[in-house]
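Reading the structure
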Amino acid sequence: THPGGTASGGPKPGDPNGGQPAGPKAVPGSTTTRGGSIGATCTGTTLALSWVTPNQGWSNTRKVDDNAIEVQFRSGDGEVEVKVRCSDGAPTFTVD
């Protein structure tokens with residue numbers, strides 16, 4: 001035991017991981033365009049779409065796969081495309 005009476009090597013009281021290393025943290029991100037807003041979360045290299053909110057008068061279509069998300073906002077006078085990927089464990093948004 002160490003001074004103070006605690007044994008080394010075991011889980012510490014209150015450790016939610018039972019002494020095991022924590023996995024990747026979920027990192028949220030979002031962006032807003034003239035067509036609407038998008039939220040996504042990266043957990044390590046895993047990408048998940050959190051929400052899509054089109055602005056009034058705009059509609060959206062979504063394409064989601066394991067490593068990329070594409071959202072297109074459309075209205076009578078325009079189109080905005082947003083691509084989302086995980087980069088260094090955080091969502092990155094590219095607006096076209």
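See the structure shown above.
Because the structure is a prediction, the values reported are computed rather than measured. Within each chain, residue numbers correspond to sequence positions counted from 1 in written order. Local features are withheld for residues below a pLDDT of 70 in this predicted model, meaning they are given only at 70 or higher, and side-chain atom pairs are given and counted only at 80 or more; totals for whole chains, interfaces and linings count all residues. Hydrogens and waters are ignored; side-chain quantities use all the structure's heavy atoms.

**Some words on the overall build of the protein**
We count a stretch as a helix when DSSP gives it H or I for four or more residues in a row; a strand needs E for two or more, and each element gets its number in order from the N terminus. Helices and strands together make up the secondary structure of the protein, namely zero helices and seven strands. Mapped in sequence order, the helices and strands of the protein form the string β-β-β-β-β-β-β. Counting over 96 residues, the protein shows a buried share of 26%. Once local pairs closer than 6 in sequence are excluded, the contacts in the protein between residues at least 24 apart make up 25%. Relative accessibility under 20% of the residue-type maximum defines a buried residue, over 50% an exposed one, and the middle range a partly exposed one, all with a 1.4 Å probe and only protein chains included. Contact between two residues is taken to exist if any of their heavy atoms lie within 4.5 Å; hydrogens are not considered.

**A short note on the pairing of strand 5 (residues 69-75)**
Most of strand 5 is tucked away, with five of its seven residues classed as buried. Adjacent in sequence and paired antiparallel, strand 4 (residues 59-64) and strand 5 are bridged by four residues. Pairs of strands are assigned from DSSP output, requiring at least two bridges between the strands. Where strand 5 meets strand 6 (residues 78-87), seven bridges bridge the pair, whose relative direction is antiparallel. Paired with I69 across the bridge in strand 6 is V84. Hairpin connection, strand 5 to strand 6: the antiparallel pair is bridged by two residues.

**Some remarks on the nonpolar core**
To form a nonpolar core, buried Ala, Val, Leu, Ile, Met, Phe, Trp, Tyr and Cys residues must be joined to one another through side-chain atoms within 4.5 Å. One finds I38, A40, C42, L47, V52, W58, I69, V71, F73, V80, V82 and V84 forming the largest nonpolar core, which totals twelve residues. Looking at this core, the elements that each hand over two or more residues are strand 2 (36-43), strand 3 (46-54), strand 5 and strand 6.

**Considerations on the state of the cysteines**
We call a pair of cysteine sulfur atoms a disulfide when they lie within 2.5 Å. Counting across every chain of the model gives one disulfide. Shown here is the disulfide that connects C42 with C86, its sulfur atoms set 2.0 Å apart. As the torsion about the S-S bond is roughly -105°, the C42-C86 disulfide counts as left-handed. Here C42, found in strand 2, pairs with C86, found in strand 6; they are 44 residues apart in sequence, far enough to count as distant. Judged by relative accessible area, which is 0%, C42 ranks as buried.

**Here we look at unusual backbone geometry**
A positive phi angle, close to 55°, is found at D88, a residue other than glycine. Mapped onto the secondary structure, D88 falls in the loop between strand 6 and strand 7 (90-95). Residue classification places D88 among the exposed positions, given a relative accessible area of 82%.

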